[in-house]
Amino acid sequence: MCTVCGCDISVVAENSKNPGSGPAHDHAHPRAHDNHEHDHRHLHFHHNHQHEHTDGLIDFGSGRAGVHVAGISEERTISIERDILAKNDAFAATNRARLQNAGVFALNLVSSPGSGKTSLLVRTITDLKHKWPIAVIEGDQQTSRDADRIRATGAPAVQINTGKGCHLDAHMVGHALDQLSLGLGGLLFVENVGNLVCPAAFDLGEAHKVVVLSVTEGEDKPLKYSDMFAAADLMLLNKADLLPHLDFDVSACLAAALRVNPRIQSLTVSARTGEGLAAFYSWIEERASVTADPAP
């Protein structure tokens, strides 16, 4: 389910009109524009879509809903989104209480695909596993490759495959927690599906969201994907070992992140060389030590 891209809002709306229908939805829509010719001059006909036009820009996120879903009004979109997020927040609150009662410090790692989240986790687990009990929840659309890499470190991992889903939600994480034996006062890392859009909206019950940004991605990512950086408490600029070979402006990236989120903290790290990881571990330890004293 995704409240941001709108890919499933239309399904929810249709099922609400037809309560007997199931959640299944075939995304293999026929390609109506194949094998025919038509006049594209109709593109500028007047219509009632709620978006702004300026020269060279059509902003479908300018309305109150912040998202466009064809055939659904902004009011209906907002109502559906609130319902989805309210249900997710209830599951997240249960997860959070469960983790806090066990003294487990949980981080939700989010990023675009290829940022190096898994490599960063493997290095972090290797360096910290003798000090903390560590467990991992892995999120991917398919395969258990990342969970296999985590298990090779000796840490327990549960793989969640989301299928066509583009993010983890709190209900999925709750099921994963059922399969993990969380050590008292331990660390839990949740590696979300690689996506800088949808995971921003979904609380999983974590203590903090940590956004990982590779220096190969460009310093303007915080401005392009502002919701994610606004939701995060820490930004890790990963693959710092590649900086000598790139035209990446670290200062500009940090300024962009602070423009979106004045409270965000940032660290420059390299999972390959270990640069900056001591500061990341200190950041974790400072916050985990508070969580490690579980409620009676």
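Look a little higher up for the structure.
Residues numbered from 1 in each chain as written. Predicted model: local features only at pLDDT ≥ 70, side-chain atom pairs only at ≥ 80, totals over all residues. Heavy atoms only, no water.

**Observations concerning the packing of helix H3 (residues 117-128) against helix H9 (residues 277-291)**
Any two packed helices are characterised by how steeply their axes cross, that is the angle between the axes, and by the distance between the axes.
Right, on to step 1. It is at 11 Å that the axes of H3 and H9 come closest, and there the two elements cross at 70°. Regarding the angle of H3 to H9, the classification is roughly perpendicular. Two secondary-structure elements touch here, H3 through Leu120, Arg123, Thr124, Asp127 and Leu128 and H9 through Leu277, Phe280, Tyr281 and Ile284.
Right, on to step 2. Here the residues of the contact of H3 with H9 are counted per class, giving six nonpolar, one polar and two charged. (Axes fitted to C-alpha atoms, helices over the stretch in contact; angles between N-to-C directions. Helix = DSSP H or I, 4+ residues; strand = E, 2+ residues; numbered from the N terminus. Parallel < 35°, antiparallel > 145°, perpendicular 65-115°, else oblique. Contact = heavy atoms within 4.5 Å. Nonpolar A, V, L, I, M, F, W, Y, C, P; charged D, E, K, R; others polar.)

**Topic: helix H8 (residues 250-260)**
Right, on to step 1. Here H8 has its buried residues at Cys253, Ala256 and Ala257. Here the buried residues of H8 occupy an arc of 95° about the axis, which is enough to place them on one side. Opposite the buried face of H8, by more than 90 degrees, sit the exposed residues Ser251 and Arg259.
Right, on to step 2. As for H8, its buried residues are in contact with strand E7 (208-214), helix H6 (221-224) and strand E8 (234-238).
Right, on to step 3. Capping the start of H8, Asp249 holds a side-chain oxygen 3.2 Å from the backbone nitrogen of Ser251, two or three residues further along. (Buried < 20%, exposed > 50% of the residue type's maximum accessible area, 1.4 Å probe, protein only. Arc of directions from axis to C-beta. Polar contact = N/O pair within 3.5 Å; in protein donor to acceptor, adjacent residues only side chain to side chain.)

**Section: the pattern of salt bridges**
Right, on to step 1. Tallying each qualifying case throughout the model produces twelve salt bridges.
Right, on to step 2. Two residues, Arg151 and Asp148, come together in a salt bridge whose shortest N-O distance is 3.1 Å. On the criterion of helical spacing, the pair formed by Arg151 and Asp148 is a turn pair, its members being three residues apart in helix H4 (residues 145-151).
Right, on to step 3. The class of Arg151 is partly exposed, set by a relative accessible area of 39%.
Right, on to step 4. Judged by its relative accessible area of 41%, Asp148 is partly exposed. (Salt bridge = Lys/Arg side-chain N within 4 Å of Asp/Glu carboxyl O.)

**Notes on unusual backbone geometry**
Right, on to step 1. Not every positive phi belongs to a glycine, and Thr143 is a case in point at roughly 70°.
Right, on to step 2. Relative to the helices and strands, Thr143 is located in the loop between strand E4 (134-140) and H4.
Right, on to step 3. A positive phi angle is found at Lys239, which is not glycine, with a value near 65°.
Right, on to step 4. Checked against the element boundaries, Lys239 lands in the loop between E8 and H8.
Right, on to step 5. The class of Lys239 is partly exposed, set by a relative accessible area of 23%.

**Quick look at the nonpolar core**
Right, on to step 1. Judged by nonpolar contacts, the single largest core of 28 residues is most densely connected at Leu107, Leu187, Phe189, Leu236, Phe280 and Ile284.
Right, on to step 2. Taken together, the elements giving at least two residues each to this core come down to strand E3 (105-111), H3, E4, H4, strand E6 (187-191), E7, E8 and H9.
Right, on to step 3. For this core, the leading source of residues is H9, giving six residues.
Right, on to step 4. Once residues lying within four places of it in the same chain are set aside, the contact partners of Leu236 are Leu120, Val210, Val211, Val212, Leu213, Leu267, Val269 and Phe280. (Core = buried A, V, L, I, M, F, W, Y, C linked by side-chain atoms within 4.5 Å.)

**As for the packing of aromatic side chains**
Right, on to step 1. A complete count under the given rule lists one aromatic pair for this structure.
Right, on to step 2. Both rings, one in Phe280 and one in Tyr281, keep their centres 6.2 Å apart while their planes meet at 40°; by these two values the pair is tilted.
Right, on to step 3. When its relative accessible area of 2% is taken as the criterion, Phe280 is described as buried. (Phe/Tyr/Trp six-rings, centres within 6.5 Å; stacked < 30°, edge-to-face > 60°.)

**A short note on the pairing of E4**
Regular strands place side chains that alternate from one sheet face to the opposite one.
Right, on to step 1. Along E4, seven of the seven residues are buried, which leaves the element largely enclosed by surrounding structure.
Right, on to step 2. The side-chain alternation of E4 yields two buried faces, one formed by Ile134, Val136, Glu138 and Asp140 and the other by Ala135, Ile137 and Gly139.
Right, on to step 3. Where E4 meets E6, five bridges bridge the pair, whose relative direction is parallel. Bridge pairing in E6 links Ala135 to Leu188. (Pairing = 2+ DSSP bridges.)

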